[in-house]
Amino acid sequence: MFAGKTILTGVKPTGTPHLGNYLGAIKPAIELGQKAIAQGGKHYMFIADYHAINAEKDPAVLNQKMKEIACIYLAGGLDPKKSYFYRQSDIPEIPEITTILYAYTPKGFMNKAHAYKAAVDKNRAAGKPDDDGINMGLYTYPTLMAADILSYDTDVVPVGKDQVQHVEIARDIAGAINAHYEKELLRLPAYYVDDQVAVVPGIDGRKMSKSYGNVIPLFEDDKAIKKAIFSIKTDSRPMEEPKDPDEILVYEIYKSIATPEQLQEMGDGLRQGRLGYGHIKNMLLDAVINEVSAAREKYNYYMNHYDEVEAMLEEGAARARPAAQAVLKRLKDAVFGR
Ligand code: ADP
Ligand code: TRP
């Protein structure tokens with residue numbers, strides 16, 4: 001399905017990724033990129049640092065998050081020689097293209113964008129003026145995101161459901177420009193939502209999320225992972241009592257990481273009263289450590305040798321830029337009649 005296609009993924013360097021982010025977003029994105037490359041396509045993977053400054057103003061925090069996210073993708077198996085792996089702020093053509101897109105972006109598109117609307121709703125609920133604390137970066141976010149996408153003649157943008165509207169806005173802006181100049185200046189991107197990727201529950205049963213404080217950490221030491229797993233909610237039923245695995249949170253989390261055989265083993269043990277909560281927590285712990293330990297080692301290596309990562313990002317930008325330069329030239333030639 002991705003044969004010969006250009007796929008592009010962007011990630012904001014905000015928050016320290018947890019197991020849910022890794023299994024639900026980071027790993028699938030890397031695998032999808034590998035699939036596209038194996039089928040003769042191209043994979044652009046970038047860190048959206050201009051997007052991050054709308055909300056985060058502390059340079060030390062931004063720098064730390066940038067490092068973490070870059071190292072996590074490399075640790076997860078992204079190959080910077082095969083994918084185009086770069087920072088948004090290293091591609092000056094992106095803000096230039098954004099400026100051109102503004103002239104073709106109806107203000108109404110921005111008014112109805114989810115991120116802006118959510119911020120307004122939050123202000124209203126707090127009894128504040130609609131635009132309180134909202135900067136132009138947040139307001140115009142979808143136009144910059146459109147430039148991220150359109151700069152590389154992207155065919156497919158894999159996203160979570162919350163980002164679908166943004167890809168549609170990119171498509172609409174590109175369509176408006178193409179219609180105006182009566183030629184395909186910009187490639188129309190499609191979004192791709194992977195329904196196979198399940199939401200990983202957190203240790204309290206709600207969606208695992210940094211905002212709920214219910215996460216299983218990703219690249220911390222075994223002790224920290226164990227502490228989180230052993231605080232997963234359980235009840236006081238004895239081991240011998242047969243249990244429906246689907247009612248047990250440890251089993252639900254195990255689903256996102258275990259092989260079918262491992263899952264069967266835990267399920268049978270619970271149904272037959274052979275496995276207690278201590279057992280199944282240890283099984284989950286083993287699976288998590290098994291999943292993350294090789295990546296964690298790579299992660300720690302890259303964090304301690306960040307100059308190597310910096311060089312990869314710079315090289316990635318140098319490799320990616322010519323495509324964005326070509327799109328910018330195409331646009332300027334059309335817009336200014338050159
Ligand atoms: P959080 O909810 O911790 O703030 P984000 O909203 O920053 O996480 O999500 C970053 C990415 O990780 C998104 O693509 C999102 O779909 C994915 N993600 C976040 N939490 C989970 C989860 N519990 N299970 C699966 N994917 C998740
Ligand atoms: N808006 C995306 C998010 O919040 C990140 C992002 C920025 C992005 N530019 C993009 C994603 C371009 C895909 C394509 O997760």
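The structure we're discussing is the one just above.
Small disclaimer: the values here were computed from a predicted structure and weren't measured.

Novice: I tried to follow the site of ligand 2 on my own but got confused; where do I start?
Specialist: Neighbouring residues of ligand 2: Leu 8, Gly 10, Lys 12, Phe 46, Ala 48, His 51, Tyr 141, Met 145, Asp 148, Ile 149, Val 157 and Gln 163. Measuring from a nitrogen atom of ligand 2, one finds a side-chain N or O atom of Asp 148 at 2.7 Å. Between ligand 2 and Gln 163, the relevant distance is 2.9 Å, taken from a nitrogen atom to a side-chain nitrogen or oxygen of the residue. Protein contact buries 88% of the 360 Å² of open area that ligand 2 shows by itself.

Novice: Where do I start with the site of ligand 1 in this structure?
Specialist: Looking at ligand 1, the residues that line it are His 18, Gly 20, Asn 21, Gly 24, Ala 25, Ala 198, Val 199, Val 200, Lys 207, Met 208, Ser 209 and Lys 210. Here a nitrogen atom of ligand 1 and a backbone polar atom of Gly 20 are 3.3 Å apart. Taking Lys 210, its main chain carries an N or O atom lying 2.7 Å from an oxygen atom of ligand 1. Of the residues in the shell around ligand 1, the class split is 5 nonpolar, 5 polar and 2 charged.

Novice: Help me understand helix H9 (residues 164-181) in this model?
Specialist: With 18 residues, H9 ought to run about 26 Å at 1.5 Å a step, and its terminal C-alpha atoms sit 26 Å apart, in line with that. Within the sequence span of H9, burial applies to Val 164, Gln 165, His 166, Val 167, Ile 169, Ala 170, Ile 173, Ala 174, Ile 177, Asn 178 and Tyr 181. Just past H9, the residue Glu 182 takes up positive phi, approximately 50°.

Novice: Honestly, the packing of helix H1 (residues 19-38) against helix H13 (residues 277-304) in this entry has me stumped. Any pointers?
Specialist: In a packed pair of helices, the relevant descriptors are the angle between the two axes and the axis-to-axis distance. It is at 12 Å that the axes of H1 and H13 come closest, and there the two elements cross at 65°. As summarised for this structure, H1 and H13 are arranged roughly perpendicular, according to the angle between their axes. Every pair of crossing elements has a handedness; the one defined by H1 and H13 is left-handed. Contacts from Leu 19, Tyr 22, Leu 23 and Lys 27 of H1 reach H13 at Val 288, Glu 291, Val 292 and Ala 295.

Procedures and definitions
- Residues numbered from 1 in each chain as written.
- Chains lettered and ligands numbered in written order.
- Predicted model: local features only at pLDDT ≥ 70, side-chain atom pairs only at ≥ 80, totals over all residues.
- Heavy atoms only, no water.
- Near = heavy atom within 4 Å.
- Polar contact = N/O pair within 3.5 Å; in protein donor to acceptor, adjacent residues only side chain to side chain.
- Areas by Shrake-Rupley, 256 points an atom, 1.4 Å probe, with all protein chains shown as cover.
- Nonpolar A, V, L, I, M, F, W, Y, C, P; charged D, E, K, R; others polar.
- Helix = DSSP H or I, 4+ residues; strand = E, 2+ residues; numbered from the N terminus.
- Expected span 1.5 Å × (residues − 1).
- Buried < 20%, exposed > 50% of the residue type's maximum accessible area, 1.4 Å probe, protein only.
- Axes fitted to C-alpha atoms, helices over the stretch in contact; angles between N-to-C directions.
- Parallel < 35°, antiparallel > 145°, perpendicular 65-115°, else oblique.
- Left-handed = near helix turned anticlockwise from the far one by under 90°.
- Contact = heavy atoms within 4.5 Å.

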